[in-house]
Amino acid sequence: MLKRKRSLNTDSLAALSASVLAAIVGLLLALVILLICDAKNAWPGFLTLITGGIREGGIKAIGDILYQAMPIMMCGAGLAFAFKANVFNIGGGGQFLMGSFVAIYTAIKWEFLPGVLRWIVPLIVAALSGALWALIPGLLKAYRNVNVIISTIMMNYLARYLVNSLIKASIYNVTTGQSKSIPAAAKMPTLGLDKLFPGSSANIGIFITIAVCIIIHIILNKTTFGYELKACGLNAAACKYAGIREKRTIVVSIMISGALVALGGALLYLSGSGRNIRVYDTQPTEGFTGISIAILANNSPLGVILSSLFISFLTIGGQYIQSYGFVKEIVNIVTSSVIYLSAFTLLLRVFFDSAARKRQAKLSHTESEKGVTT
Amino acid sequence: MDEQFAVEMQDIVKTFPGIVACDDISLQIRKGEIHALLGENGAGKSTLMSVLFGMYQPESGTIKVHGKPVHITGPRDATALGIGMVHQHFKLVECFSVVRNIILGSESMKNGILDLKTARKRIMELSDRYGLAVDPDAIVSDITVGMQQRVEILKTLYRESDILIFDEPTAVLTPQEIEELITIIKGLAAEGKSIVFISHKLDEISKVADRVTILRRGKKVATLNVAETTKEEMSELMVGRKVSFTVDKGEQQLGETVLDVKNLVMRSRTSQKNIVDDISFSVRRGEIVCIAGIDGNGQSETIYGLTGIMPIQSGTITLNGKDITKADVRTRNLSGISHIPEDRHKYGLILDYSLKENLILKNYFKPSVQRYAFINWDKAETYSEELIEKYDIRTTLGAKTSARSMSGGNQQKAIIAREIEENSDLLIAVQPTRGLDVGAIEFVHKQLVAQRDAGKAVLMMSLELDEVMDVSDRVLVMFEGKIVADIDPKKTTIQQMGLYMAGVKKEEQHA
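Residues numbered from 1 in each chain as written. Chains lettered and ligands numbered in written order. Predicted model: local features only at pLDDT ≥ 70, side-chain atom pairs only at ≥ 80, totals over all residues. Heavy atoms only, no water.

### Digging into the nonpolar core
Formed by 74 residues in total, the largest nonpolar core has its most connected members in Leu123(A) and Val304(A). Among residues more than four places away in sequence, those in contact with Val304(A) are Met73(A), Gly76(A), Ala77(A), Ala80(A), Cys213(A), Ile293(A), Ala294(A) and Ala297(A). Counting residues in each nonpolar core, the second largest holds 65 residues, with Ala231(A), Tyr353(B), Ile393(B) and Ala485(B) among its members. (Core = buried A, V, L, I, M, F, W, Y, C linked by side-chain atoms within 4.5 Å. Buried < 20%, exposed > 50% of the residue type's maximum accessible area, 1.4 Å probe, protein only. Contact = heavy atoms within 4.5 Å.)

Right under this line is the structure:
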């Protein structure tokens, strides 16, 4: 065990330092933006941002951070899973929407379900819908070699307009222009989190999500399926040679990915916090935030827990900056510049990786020089 | 100063943490000579040349180029001093034309626009002058490996290098291409270029080099005039002990047929031509059958067809009496095929996986390391340690070493260990000694013969004629997709084999 940890260190240390550095650079940029907008209030605003609004919001802010983290954490875990298999699933938006719609629909319509099944079944059905939605680009990739990035983006548009018309046909609230609210019976239990963090919408979902991240971590690192999946991501030809069914692995990986992202949508709307799906033309942002989260976490499911909490922390902190007179749009620019700078993680990783590789190459070089006799 | 050398490296010391890679090495390259640098993998040849090419900075020692002391801090400096390097793994942009590849990095401009015309003219002149016969407008991915290497040579010539370093240039070439390369190198030397030829192949060194410097474990052992030495002497100096060039084989014990191929036809995806054209053969227990031929006559495809990596057009493949024509790769492996693949980076290994993860690539799903779909990593580790010990795989971090960081010879040992441990009835070994040094080649050959003596069927494919003649019990020569000869290597000569390979001679009837 001790030995294994050491080997983990060289790799994940480079990854971790890249992620942390990207976050710091992003925060500095945020400070610059605040300074440009309103130099006088920039510093207190920045402090609020980096304290996640806990200074102002207190205990409620913590609950809100957990609640906000839940759907994007689930999306991040799902997307990271596909990225590990080298399947670049950009269809998070569409899968999220499908999951959201199916969850709300079943929560409202399937009144025959008893007790806890009122929310458990919608979660499961939503996950299935996401898997099915992702199956299409998966099959296209495996058997027709269609670029996943393109097919999943197109699936996003299909999902948006399909869900719009399905809502209008079934669960439309004409007065709000949104989907109907879920009944109280279908709301997920809060497990006392509402008492712990009064005023927030934190609920059981955050535990489900963290559990899923841990399960995904175990699948990727301990099981034969995870071994196959990562192998396909790293070298598909070698997988073929070894008799791993690489096409099936691609399809299964994107289906699981879609299922998790959809589950993220379901968790958000089954929280019963008063949020409903709006019928309009843009994609839900969670699908894209999930990409940043996965990249910031270097596609590690456990890293996703941290990076999603970090992003959620900034989002909540950003909301409280408004009290210093920064308009909502500036707040959005600030938080999203931190999020988008996380994409720099990739760039920084290349740097840290090559440094690490150089070190290892030197080591192995010396070793091979050492052992010459054969 | 009595003699001015093209390059003079004096007392070069280069250390890496914990080890001295170049231990006080001095090397003098005369103008216009071909100087071979001989040594096993990891003897310090590449490190020494990397120092000369500016990729490493030595701890101590001086370098003089044309008598002037120089300080080389990077490949750019080296290029400016007229030092050019032809790398073992080509550094070419596959989808660019030859001209564009050659000028890449030193493009000439005319009014801010790329001046291809002048460049093309100069390249043609150089190509004619040195007999390189390169088509300047061909796309790199369309030309043969031998031609790609000439493009690399042209790259150095275009930059007016007069000291050329060839890093194991023959590792990727066919016997014919090697002959042509030797002619080219001799031509370059005759034109006054000084040449460093890194190799561990003694035959080539005897053929091409004027002098040879032998390195062992980071130290210079000797510099000899090639004309005054023998292969035996060189190999002994290189390895530090006597090496047997002949393969010891026991008495052959032929058993029943393991692999039976009938009327195999394979077609390329792009053309209607049959790459493998109706071939039939069989391999029995206790024999090493070798498929020989000039590269590109359908040998590789035959192997891919047998192992299930490429689809076949028609024919049947029977393994131990079981029809596996339609079986998938996994089923074939489990039915008794082990496969040491031709391209160890593409097929043989997952480079970013650790050695341990690579060693279980064929059995991660078997009860020995798997339970309830979980991999028992502790068992995998123990298993890996056993193989590392048994097959003498050299690593830095044991089972945790990343495959990418291992040397070619050790990567190959890992693959051989994995495949032999599968204990399959049929072992397919494709170019098993490609790019390996004498000691490692001896090891691989011993392993193959041990399999044969243990009553396994071994199917080998090789482009090295010496290997074909020494190791195999039976040789199938392929030419343009057909088997043109089925011969006993003991009853034939290399010259005759060459005729079959070139398609000049054909056997009327073969089994």
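### Description of the pairing of strand S6 (residues 83-86) of chain B
Residue and element names in this part refer to chain B. A two-sided burial pattern is seen for S6, the buried positions comprising Ile83 and Met85 on one face and Gly84 and Val86 on the other. Examined bridge by bridge, S6 and strand S9 (residues 163-167) share four bridges and lie parallel to one another. Bridge pairing links Met85 to Ile165 in S9. (Helix = DSSP H or I, 4+ residues; strand = E, 2+ residues; numbered from the N terminus. Pairing = 2+ DSSP bridges.)

### Observations concerning the sheet that holds strand S11 (residues 211-216) of chain B
Residues and elements named next belong to chain B. Reading across the sheet, the six strands line up as S6-S9-S10-S3-S11-S12 and stay open at both edges, with mixed pairing between neighbours. Strands with a single pairing partner mark the edges of an open sheet, and in this sheet they are S6 and strand S12 (219-225). Ignoring strand direction, the axes of neighbouring strands in this sheet form an average angle of 20 degrees. Of the pairings in the sheet, the one linking strand S3 (residues 34-38) to S11 comprises four bridges and is parallel in character. Bridge assignment links His35 to a residue of S11, and that residue is Arg211. Along the sheet, helix H6 (residues 175-190) makes contact with S3, S9 and strand S10 (194-199), crossing S10 at roughly 150 degrees. (Axes fitted to C-alpha atoms, helices over the stretch in contact; angles between N-to-C directions.)

### Brief notes about the packing of aromatic side chains
What describes a pair of aromatic rings is the distance from one ring centre to the other and the angle between the planes of the rings. A complete count under the given rule lists ten aromatic pairs over all chains for this structure. When the centroid spacing of 6.4 Å and the interplanar angle of 35 degrees are considered together, the rings of Phe81(A) and Phe225(A) count as tilted. Taken as a pair, Phe81(A) in helix H4 (residues 59-84) and Phe225(A) in helix H10 (residues 224-234) lie far apart in primary sequence, 144 residues in all. Ring plane angle 85 degrees and centroid distance 5.1 Å describe the contact between Tyr364(B) and Phe365(B), whose orientation is recorded as edge-to-face. Judged by its relative accessible area of 0%, Tyr364(B) falls in the buried class. In textbook terms, an aromatic cluster arises when at least three aromatic residues are bridged by ring pairs, as seen for Tyr227(A), Tyr353(B), Tyr364(B), Phe365(B) and Trp377(B). Between Arg122(B) and the ring centre of Tyr158(B), over which it is positioned, the NZ or CZ distance is 4.4 Å. In this structure, Lys413(B) packs its charged tip against the face of Phe443(B), placed 5.2 Å from the ring centre. (Phe/Tyr/Trp six-rings, centres within 6.5 Å; stacked < 30°, edge-to-face > 60°. Lys NZ or Arg CZ within 6 Å of the ring centre and 35° of its normal.)

### Some details on the confidence of the model for chain A
Mean pLDDT over chain A stands at 86; residues scoring 70 or higher make up 89%. Note on residues 367-374 of chain A: pLDDT under 50 across the span, and 28 contacts to partners over four residues away in sequence or across chains. (pLDDT = per-residue confidence, 0-100.)

### Quick word on the pairing of strand S23 (residues 474-479) of chain B
Residues and elements named next belong to chain B. The buried fraction of S23 amounts to six of the six residues, a majority that puts the element mostly inside the structure. Neither face of S23 is open: one carries Arg474, Leu476 and Met478, the other Val475, Val477 and Phe479, and all of them are buried. Examined bridge by bridge, strand S15 (residues 288-292) and S23 share four bridges and lie parallel to one another. From the neighbouring strand, Val289 faces S23, where its bridge partner is Arg474.

### Thoughts on a positive patch on the surface
Residues Lys240(A), Lys247(A), Arg269(B) and Lys346(B) make up a contiguous surface patch of positive charge. Locating Lys346(B) in the fold gives a position in helix H11 (residues 344-348). (Patch = residues over 30% accessible without salt bridge, like charges linked within 9 Å, V, L, I, M, F, W, Y side chains within 5 Å. Areas by Shrake-Rupley, 256 points an atom, 1.4 Å probe, with all protein chains shown as cover. Salt bridge = Lys/Arg side-chain N within 4 Å of Asp/Glu carboxyl O. Lys, Arg positive; Asp, Glu negative; His and termini not counted. Charge placed at Lys NZ, Arg CZ, Asp CG, Glu CD.)

### A short note on the side chain of Arg118(A)
Residue and element names in this part refer to chain A. Summarising the element assignment, Arg118 is placed in helix H6 (residues 117-144). Of the side chains bearing the opposite charge, Glu111 lies closest to the buried Arg118, which forms no salt bridge; the N-O distance is 5.1 Å. Ignoring any residue separated from it by four or fewer positions in sequence, one finds Arg118 in contact with Ala107, Ile108, Trp110, Glu111, Leu113, Pro183, Ala185 and Ala186.

### Digging into the packing of helix H9 (residues 205-222) of chain A against helix H14 (residues 301-321) of chain A
Residues and elements named next belong to chain A. Look at H9 against H14: their axes get within 7 Å of each other, and the N-to-C directions meet at 150 degrees. When the axis of H9 is compared with that of H14, the two are roughly antiparallel. Contacts from Ile210, Cys213, Ile214, Ile216, His217 and Leu220 in H9 reach Pro301, Leu302, Val304 and Ile305 in H14. Of the residues in the contact of H9 with H14, the class split is nine nonpolar, one polar and no charged. (Parallel < 35°, antiparallel > 145°, perpendicular 65-115°, else oblique. Nonpolar A, V, L, I, M, F, W, Y, C, P; charged D, E, K, R; others polar.)

### Some remarks on the environment of Ala414(B)
Residue and element names in this part refer to chain B. The residue Ala414 is located in helix H14 (residues 408-421) in this model. Along the primary structure Ala414 and Thr325 are separated by 89 residues, whereas in three dimensions their C-alpha atoms are 29 Å apart. Excluding residues that lie within four positions of it along the chain, Ala414 makes contacts with Leu355, Leu359, Ile393 and Met406.

### Considerations on the sheet that holds strand S21 (residues 426-430) of chain B
Strand pairing in a sheet relies on backbone hydrogen bonds. The paired strands run either parallel or antiparallel. All names here are of chain B. Spatial strand order, S18-S21-S22-S15-S23-S24: six strands in an open sheet with mixed pairing. Sheet topology places strand S18 (337-340) and strand S24 (482-487) at the edges, where each strand pairs with a single neighbour. The mean angle between the axes of side-by-side strands here comes to 20 degrees, regardless of whether they run parallel or antiparallel. The strands touched by helix H10 (residues 329-336) within the sheet are S18 and S21, with S18 carrying the most contacts at an inclination of about 110 degrees.

### So, helix H9 (residues 299-307) of chain B
Residues and elements named next belong to chain B. With respect to burial, H9 is a largely interior element, eight of its nine residues being buried. If you check which residues of H9 are buried, you get Gln299, Ser300, Thr302, Ile303, Tyr304, Gly305, Leu306 and Thr307. Two residues or fewer past H9, Gly308 is found with a positive phi of approximately 90 degrees.

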